[in-house]
Amino acid sequence: MKKLETYDQNFIKTLLDNLPQNIDEVSVQKNNNKKILELISLAEKKGVRVLFNKDRKLSATYKPSQIQDINFLEKLISQKKNSLILILDHVMDPQNVGSILRTALAADVDALVVSKDRACHLTETVRKVSKGASEIVPFVIVNNIKYLLKNLKTLNFNVLGCDGAAEKKYYECNYKLPTAIIMGSEGDGIKLNLKKHIDEMIRIPMNKQIESLNVSNACSVILFEARKQRI
């Protein structure tokens, strides 16, 4: 994959903190801005080349993360006793997927999984919106989510699905077990053929004046409950 460039300060900071080896160089104007000076200092500390320029804003050239497959996911799960996996069922909006990746990183999600068809994949827009989380959280594409859910259940995963009509509230679940959370698209929700393989359907209780949350917001609510129980 070709190298990419970002002009986002938060994205660059995330890479410097976590994957400095993936950055080719940071280019920046000479100035006395405190945040920029701190970024330059961090880059130099991490051994990343810093170029000073007169006419360009802050930027970084980096080696982008690669899309992973089911073999990667199976290996990841086998190496960690208590994995937390987030699965998106036909979520198509790159803004949502980018935001979800950012939340997934903050909430210690081990992998984000989408289907091969009818799903937003790891586009440049997704990377940009994620503010660098796309480079850290493994992005896994599988051929068949139903097959994946069957396999996860054989590995003693608790498979949860979010649905506004569910009786159980999201905070009534035990997230300390190996857990897979599946979120559907805002329009259609989770597909019926997948619901058969879900252990518990959960909902986010909310004011009756609004029908549902944006899928990225709903992910935030549930993932941080999972993190709260796990820390």
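This text gives an overview of the structure that appears in the document.

Criteria and cut-off values
Residues numbered from 1 in each chain as written. Predicted model: local features only at pLDDT ≥ 70, side-chain atom pairs only at ≥ 80, totals over all residues. Heavy atoms only, no water. Core = buried A, V, L, I, M, F, W, Y, C linked by side-chain atoms within 4.5 Å. Buried < 20%, exposed > 50% of the residue type's maximum accessible area, 1.4 Å probe, protein only. Helix = DSSP H or I, 4+ residues; strand = E, 2+ residues; numbered from the N terminus. Contact = heavy atoms within 4.5 Å. Expected span 1.5 Å × (residues − 1). Pairing = 2+ DSSP bridges. Axes fitted to C-alpha atoms, helices over the stretch in contact; angles between N-to-C directions.

## Considerations on the nonpolar core
One finds Leu86, Leu88, Leu112, Tyr175, Ile181, Met183 and Ile222 to be the most contacted residues of the largest nonpolar core, which totals 35 residues. Sorting the residues of this core by element identifies β5 (84–89), α4 (94–106), β6 (111–115), β7 (139–142), β8 (158–162), β10 (179–184) and α8 (215–230) as the ones contributing at least two each. At six residues, α8 tops the list of elements feeding residues into this core. Beyond its immediate chain neighbours, meaning those up to four positions away, Leu88 contacts Val97, Ile100, Leu112, Val113, Val114, Ser115, Ile145, Met183 and Cys219.

## Side note on α8
Between its first and last C-alpha atoms α8 spans 22 Å; for 16 residues at 1.5 Å apiece the expected length is 22 Å, and the two agree. Lining the buried residues of α8 we find β5, α4, β8, β10 and β11 (200–203).

## With respect to the sheet that holds β11
Note: strands within a sheet are paired through backbone hydrogen bonds, in either parallel or antiparallel orientation. Taken together, the seven strands give an open sheet; going across it, the order is β7-β6-β5-β10-β8-β11-β9, and neighbouring strands pair in parallel fashion. A strand with exactly one partner marks an edge of an open sheet, and here the two such strands are β7 and β9 (168–169). Here β9 runs beside β11; their pairing, made up of two bridges, is parallel. By the bridge assignment for β11, Lys169 is matched with Arg203. Lying over the sheet, α8 contacts β5, β8, β10 and β11, oriented at roughly 165° with respect to β10.

## Considerations on the environment of His197
Within the secondary structure, His197 sits in the loop between α7 (192–195) and β11. Distance in space between the C-alpha atoms of His197 and Lys168 is 17 Å, their sequence separation being 29 residues. Each residue touching His197, except ones within four places of it in the same chain, is listed here: Lys146, Leu149, Lys150, Lys153 and Val159.

In short, shape yes, function no, at least from these values alone.
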